[in-house]
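Observations on chain architecture
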Amino acid sequence: MPLLFRRLAPIALFSLLAALGFACTADLEEGCLGGQCVPPGSPPIPPLPTSGAGGGGGGDAGPTCDDTPATGDFPCDVFAVLQTHCHGCHQSPPLSGAPYSLLTYEDTRELHGVTTKPRFVRMAEVVESGFMPLMATIPEADKQLLLDWLSTCGLPAPDGMGCE
Ligand code: HEC
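Quick caveat: nothing in here was measured; it's all calculated off a predicted structure.

**A short note on the coordination of the iron atom of the ligand**
- Around the iron atom of the ligand, the protein contributes the donor atoms H90 (NE2) and M132 (SD), which lie 2.0 to 2.2 Å from the metal centre.
- Viewed at the metal, the 6 donor atoms of the iron atom of the ligand are separated by angles of 85 to 179 degrees, and the geometry they form is octahedral. With H90 in the loop between α2 (76-85) and α3 (105-109) and M132 in the loop between α4 (119-129) and α5 (140-151), the pair connects residues that are 42 residues apart, well separated along the chain. Per residue, the accessibility class of H90 equals that of M132, and both read buried.

In structure tokens:
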């Protein structure tokens, strides 16, 4: 019974969000990942195939991301995780059906598809849910490092300390 509920709850939640017309009621409302609404009339972003944490995530409200730079260098530890777990497909040009490159810092600041959502916000969602890395596992420490960075706006490393 509880198991069945766990399986159905995400579907119910998604239907509810769909019924609300994708108003700004989504999970990642908090902190810098919040406030990224899908503009009216744009195609909806499909639900994630896996629904790992099934909700909020993040917890404490971080800074807002309005003023984060669009250029810069990845912090070295973040780059190492991306290189090991993501760049195999998110190359330039992308391989294995990946939608875009995540090789450069600038890549992560581009918009996810036709939405107002930057790629780095979507990265947090798919890594948290376990959808990415596709068909692979990522060690908990690496996953946490990536999510910590993403949830604090994915700021670039200070000048001269980057790793790109
Ligand atoms: C084995 C190849 C592969 C690896 C490794 C991989 N991806 Fe992907 N990624 C894909 C493919 C293929 C898609 C398109 C999936 C789809 O649309 O169903 C995708 C889609 C995405 C998307 C867009 C999701 C969406 O909603 O459309 C993001 C963001 C993403 N990947 C981030 C990452 C991150 C971050 C990593 C590393 C932690 C990673 N990926 C590792 C192949 C990969």
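**Re the pattern of salt bridges**
- Applying the stated rule across the entire model yields 2 salt bridges.
- A salt bridge links E125 to K117; the shortest N-O distance between them is 2.7 Å.
- Residue R122 pairs with E125 through a salt bridge whose shortest N-O separation is 2.7 Å. Within this pair, R122 and its partner E125 are both found in helix α4, separated by 3 residues, close to a single helical turn.

**What to know about the site of the ligand**
- Taken together, 19 residues form the shell around the ligand, and within it C86, C89, H90, R122 and M132 come nearest.
- Side-chain polar atom of R122 to an oxygen atom of the ligand: 2.6 Å apart, as the coordinates give it.
- A per-element tally of the shell around the ligand places α4 first, with 4 residues.
- Taken together, the residues that form the shell around the ligand break down as 13 nonpolar, 5 polar and 1 charged.

**Some words on the environment of L111**
- Along the chain, L111 turns up in the loop between α3 and α4.
- By relative accessible area, L111 is classed as partly exposed at 45%.
- With 10 residues separating them along the chain, L111 and V121 place their C-alpha atoms 9.3 Å apart.
- Dropping the residues within four chain positions of it, L111 is found in contact with T116, K117, P118 and R119.

**Here we look at the packing of aromatic side chains**
- This model, assessed by the stated rule, comprises 4 aromatic pairs.
- Arranged with centres 5.9 Å apart and planes meeting at 35 degrees, the rings of F74 and F79 form a pair that is tilted. F79 shares its class with F74; the two are buried.
- Between F74 and Y105 the ring centres are 5.9 Å apart and the planes differ by 70 degrees, which places this aromatic pair in the edge-to-face class. In this pair, F74 sits in the loop between α1 (2-19) and α2 while Y105 sits in helix α3, placing the two residues 31 residues apart along the sequence. Each member of the pair F74 and Y105 is classed as buried.
- Through successive ring pairs, a cluster of aromatic residues spans F74, F79, Y105 and W149.
- Over the aromatic face of F120 sits the side chain of R109, whose NZ or CZ is 4.0 Å from the ring centroid.
- A cation sits over an aromatic face here: R119 above Y100, 4.0 Å from the ring centre.

Thresholds, definitions, all that
- Residues numbered from 1 in each chain as written.
- Predicted model: local features only at pLDDT ≥ 70, side-chain atom pairs only at ≥ 80, totals over all residues.
- Heavy atoms only, no water.
- Donors = N, O, S within 2.8 Å, 3.2 Å for Na, K, Ca; no water.
- Tetrahedral: all angles 85-135°; square planar, octahedral: opposite > 155°, others 65-115°.
- Helix = DSSP H or I, 4+ residues; strand = E, 2+ residues; numbered from the N terminus.
- Buried < 20%, exposed > 50% of the residue type's maximum accessible area, 1.4 Å probe, protein only.
- Salt bridge = Lys/Arg side-chain N within 4 Å of Asp/Glu carboxyl O.
- Near = heavy atom within 4 Å.
- Polar contact = N/O pair within 3.5 Å; in protein donor to acceptor, adjacent residues only side chain to side chain.
- Nonpolar A, V, L, I, M, F, W, Y, C, P; charged D, E, K, R; others polar.
- Contact = heavy atoms within 4.5 Å.
- Phe/Tyr/Trp six-rings, centres within 6.5 Å; stacked < 30°, edge-to-face > 60°.
- Lys NZ or Arg CZ within 6 Å of the ring centre and 35° of its normal.

Nothing here speaks to function; it is geometry throughout.
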